[in-house]
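Coordinate inspection notes
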Amino acid sequence: QVQLVESGGGLVQAGGSLRLSCVASGRIFAIDSVGWYRQAPGKQRELVANITNGGKIDYVDSVKDRFTISRDNAKSTVYLQMNSLKPEDTGVYYCNVHVKQLLRQGYLEVWGQGTLVTVSS
């Protein structure tokens with residue numbers, strides 16, 4: 001069993017910053033790609049940022065140059081630094097991790113419980 005615990009969400013004024021963290025725990029042999037998704041009220045969940053184990057990073061266009069995703073493999077943790085926040089960044093942010101629990105097992109996709117980010121205008 002693998003658990004993801006997210007933290008760092010909250011209420012911030014437009015132009016402010018927040019840093020989200022996601023810690024993976026449990027039986028983990030290896031972690032491949034990790035990412036952050038968000039879901040705004042009444043909208044579908046969308047990928048915000050993703051980073052592979054090899055360091056390849058992708059961002060949705062709307063957050064480029066404002067958000068930075070990073071990972072600390074030793075701590076099984078992924079971060080999302082969010083700067084210059086806008087009201088349209090409001091939503092529940094979910095951590096997503098592809099993890100292998102055993103050497104000869106495929107990667108499993110695990111989701112966190114979500115953390116709410118609210119940006120006021």
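Heads up: the structure comes first, above all this text.
Residues numbered from 1 in each chain as written. Predicted model: local features only at pLDDT ≥ 70, side-chain atom pairs only at ≥ 80, totals over all residues. Heavy atoms only, no water.

What about the nonpolar core?
Counting residues in hydrophobic clusters, the biggest one holds 27 residues, and the most contacted among them are Trp36, Phe67, Leu80, Met82 and Tyr93. When residues of this core are traced back to their parent elements, those giving at least two are β1 (2-7), β3 (18-26), β4 (30-39), β5 (46-51), β7 (67-72), β8 (77-82), β9 (91-100) and β11 (115-120). Those residues within four positions of Leu80 in sequence are excluded, and the remaining contacts are Leu18, Arg19, Leu20, Trp36, Val48, Ala49, Phe67, Thr68, Ile69 and Tyr93. (Core = buried A, V, L, I, M, F, W, Y, C linked by side-chain atoms within 4.5 Å. Buried < 20%, exposed > 50% of the residue type's maximum accessible area, 1.4 Å probe, protein only. Helix = DSSP H or I, 4+ residues; strand = E, 2+ residues; numbered from the N terminus. Contact = heavy atoms within 4.5 Å.)

Comments concerning the environment of Leu47
Turning to its location among the elements, Leu47 is positioned in strand β5. As for Leu47 and Ala24, which are separated by 23 residues in sequence, their C-alpha atoms are 19 Å apart. When sequence neighbours within four positions are dropped, the list of residues in contact with Leu47 reads Trp36, Tyr37 and Val60.

Observations regarding the side chain of Lys100
As for its position among the elements, Lys100 is in strand β9. No salt bridge is formed by the buried Lys100. Its closest oppositely charged neighbour is Asp32, at 8.6 Å. Every residue in contact with Lys100, bar those within four places of it in the chain, is listed here: Ile28, Phe29, Ala30, Gln105, Gly106 and Tyr107. (Lys, Arg positive; Asp, Glu negative; His and termini not counted. Salt bridge = Lys/Arg side-chain N within 4 Å of Asp/Glu carboxyl O.)

Overview of the pairing of β3
Here β1 runs beside β3; their pairing, made up of 6 bridges, is antiparallel. Considered in β3, the bridge of Glu6 is made with Cys22. Where β3 and β8 come together, 6 bridges link them in antiparallel fashion. Residue Leu20 lies in a different strand from β8, and its bridge partner there is Leu80. (Pairing = 2+ DSSP bridges.)

Details of the sheet that holds β1
Taken together, the 4 strands give an open sheet; going across it, the order is β1-β3-β8-β7, and neighbouring strands pair in antiparallel fashion. At either margin of the open sheet sits one strand with a lone partner, and together these are β1 and β7. With direction set aside, neighbouring strand axes in the sheet form an average angle of 15°. Summarising the sheet, β7 and β8 pair through 6 bridges and their orientation is antiparallel. Paired with Thr68 across the two strands is Gln81, which belongs to β8. (Axes fitted to C-alpha atoms, helices over the stretch in contact; angles between N-to-C directions.)

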